[in-house]
Amino acid sequence: MTAVHADQIIAGYLKRLESELAALPSERRKELTAQIEEHISSARAELVDETDAELLTILDRLGEPDEIANEARTRFNLPTSAPGPLEILALLLIGVGQVIFPFLPVLWLIGVGLVWRSPAWSAAEKRRGAYLPLVVAIGIIVVAALAGGVARGHVLFFGLFLAFYGTGILIPAGAAVYLGSRLGRRLRPLAWVGIALVALMVYLPAVATFLPGRTSGFIGADGPPGSVAPIAGRPGCGGFYGTAEFATATPLTASLPVSVGVCFDGNRVTKRWGPDCSPESSAGLIATVQSCQVVSEPDGSLMISVVGSAAALTAPAFRHSRGYSWRITPDGKIMQFG
Amino acid sequence: MVPAEDRTGLVAQMRRGSLEYCVLALLATRQRYGFELVQNLAEVDGMVTSEGTIYPLLTRLRKDGAVETFWLESTSGPPRRYYRITPAGLTALEGFRSEWKRFRSAVDQLLEGGT
């Protein structure tokens, strides 16, 4: 066997050990991994002619990394019980509860209650990952709410608003990550996949509301099939078709289509019908229209404006409003704003 | 009657409870480095199943102040981490020794003759 191969086997073993020991304080984890590493090198030094089989025997006699990690948890009075559905539910309630229902920390509280009942976390882990974050966040929210009343209308208000939502969502998400990391390998990979999927399904639409949007618009035929679009600068009628999108180019995209019948009479643009605004929601985002109007400008152009918002289906607090407008000039040019 | 697998668990429990004192006893005779200590324990039949599980125990003993570590140059290879028993460790070992003797003779007496 080559020395490189042997080193790879040992490095792989140590790496597995280190990740199994994730629940231990980092100082203890480093000490333990170093001791095992020294053990292996001492054992190798005693081999006359190192073979694959002999190296594997050394590791075999050491035991599986999870066996050593379990022993370490026991020796350091950390819980060894295997987490189950209760712990998974607790992680989800704490991790995504505030996004799904952001008004009162009800789901979060239930999650903390489950952690309190669970034997899978140690008392210190429960303090750090469940009780302390809840107390800190509630404290910040109360202070921000009180101060917000004083600061209303002030620029400070916006900062407090961010603190309010930031702590209400970031703190529990961080707490859930911490609690999850303490479970580590004790939770089966399939459970981790499930948790990750749920988290993605909840957080992705929330993020999508902030993703860039896009607008487009064109003047086309308006009438029976075969009718032609008006030619710019000449009298004639057609339809303006505009679309404002949220979260462009993602599967979560939602859009606000607007259509207006427009006529050119030579020196100005006039409205014939509309505007029609009918929001198109997607699987993740709900689009709503707040206003949809057409205004004639003194210079003869037509201003079409739509204000709408997209809200994440899984995260009602994540609602993002945007305004879009199009200006059609008498010579048939379209300018977009927003 | 206790099923066989529960008796295996019982042996594991007894081993777990006494292992730290076996480690202390080995270190009371002289200082040893990790691999050496593990080998000495493994030579005694039935004391250690997975050698790696000794190290969490050593870490724990060091944290509790029953043993201390120091580095010594080795004639072959890199320096070695040696373990040495502390006065607190010796006191704990003496306490266990006398408890164990009393317990062992009590059990032996009942098992071997009854009264």
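Structure: above.
Small disclaimer: the values here were computed from a predicted structure and weren't measured.

Enumeration over the complete set of coordinates arrives at eight aromatic pairs over all chains. Each ring, one from A:Phe246 and one from A:Tyr324, has its centre 6.4 Å from the other, and the planes form 80°; the classification is edge-to-face. You can see A:Phe246 sitting in strand 2 (residues 236–246) and its partner A:Tyr324 sitting in strand 7 (residues 319–328), a full 78 residues away along the chain. Taking the relative accessible area as the measure of exposure, A:Tyr324 reaches 4% and is therefore buried. Each ring, one from B:Tyr21 and one from B:Phe96, has its centre 4.0 Å from the other, and the planes form 0°; the classification is stacked. Of the two residues, B:Tyr21 sits in helix 1 (residues 4–29) while B:Phe96 sits in helix 4 (residues 87–112), which places them 75 residues apart along the sequence. Just above the ring of B:Tyr33 sits the side chain of B:Arg80; from NZ or CZ to the centre is 4.0 Å.

All names here are of chain A. A large share of strand 3 (residues 254–264) lies buried, amounting to 11 of its 11 residues. In strand 3, alternate side chains face the same way, and those of Ala254, Leu256, Val258, Val260, Val262 and Phe264 on one face and Ser255, Pro257, Ser259, Gly261 and Cys263 on the other are all buried. Sheet analysis places strand 2 next to strand 3, joined by 11 bridges and oriented antiparallel. Across the sheet, Gly238 pairs through a bridge with Val262, a residue of strand 3. In this structure, strand 3 lies alongside strand 4 (residues 269–277), joined through six bridges in antiparallel fashion. Each bridged residue has a counterpart across the sheet, and for Val262 the counterpart in strand 4 is Lys271.

Residues and elements named next belong to chain A. Inspection of the entire model under this criterion finds two disulfides over all chains. Covalent S-S linkage joins Cys237 and Cys263, the inter-sulfur distance amounting to 1.9 Å. Disulfide Cys237-Cys263: the torsion about the S-S bond is 105°, which places it as right-handed. One end of the pair, Cys237, is in strand 2; the other, Cys263, is in strand 3, and 26 residues separate them in sequence.

If you look at the biggest cluster of nonpolar residues, it comprises 37 residues, and the most contacted ones within it are A:Ile36, A:Ile40 and B:Val23. If you list the elements that add at least two residues to this core, you get helix 1 (3–20), helix 2 (26–45), helix 3 (52–62) and helix 4 (65–75) of chain A together with helix 1, helix 2 (34–43), helix 3 (54–63) and strand 3 (80–85) of chain B. The residues contacting A:Ile36, other than those within four sequence positions of it, are A:Tyr13, A:Leu14, A:Leu17, A:Leu62, A:Ile68, B:Gly52 and B:Tyr55. Judged by nonpolar contacts, the second largest core, of 32 residues, contains A:Phe240, A:Val262, A:Val306 and A:Ala312.

Here we take up the interface of chain A and chain B. Taken together, the contact between chain A and chain B spans 22 residues of the former and 24 residues of the latter. Carbon and sulfur atoms make up 50% of the area that chain A and chain B hide from each other, which totals about 2300 Å². The three residues of chain A that bury the most area against chain B are A:Gln35, A:His39 and A:Arg75, which together make up 30% of that side's buried surface. At the surface where chain A touches chain B, the tally comes to five salt bridges.

The rules we used
Residues numbered from 1 in each chain as written. Chains lettered and ligands numbered in written order. Predicted model: local features only at pLDDT ≥ 70, side-chain atom pairs only at ≥ 80, totals over all residues. Heavy atoms only, no water. Phe/Tyr/Trp six-rings, centres within 6.5 Å; stacked < 30°, edge-to-face > 60°. Helix = DSSP H or I, 4+ residues; strand = E, 2+ residues; numbered from the N terminus. Buried < 20%, exposed > 50% of the residue type's maximum accessible area, 1.4 Å probe, protein only. Lys NZ or Arg CZ within 6 Å of the ring centre and 35° of its normal. Pairing = 2+ DSSP bridges. Disulfide = S-S within 2.5 Å. Core = buried A, V, L, I, M, F, W, Y, C linked by side-chain atoms within 4.5 Å. Contact = heavy atoms within 4.5 Å. Buried area = accessible area lost by both parts, 1.4 Å probe. Salt bridge = Lys/Arg side-chain N within 4 Å of Asp/Glu carboxyl O.

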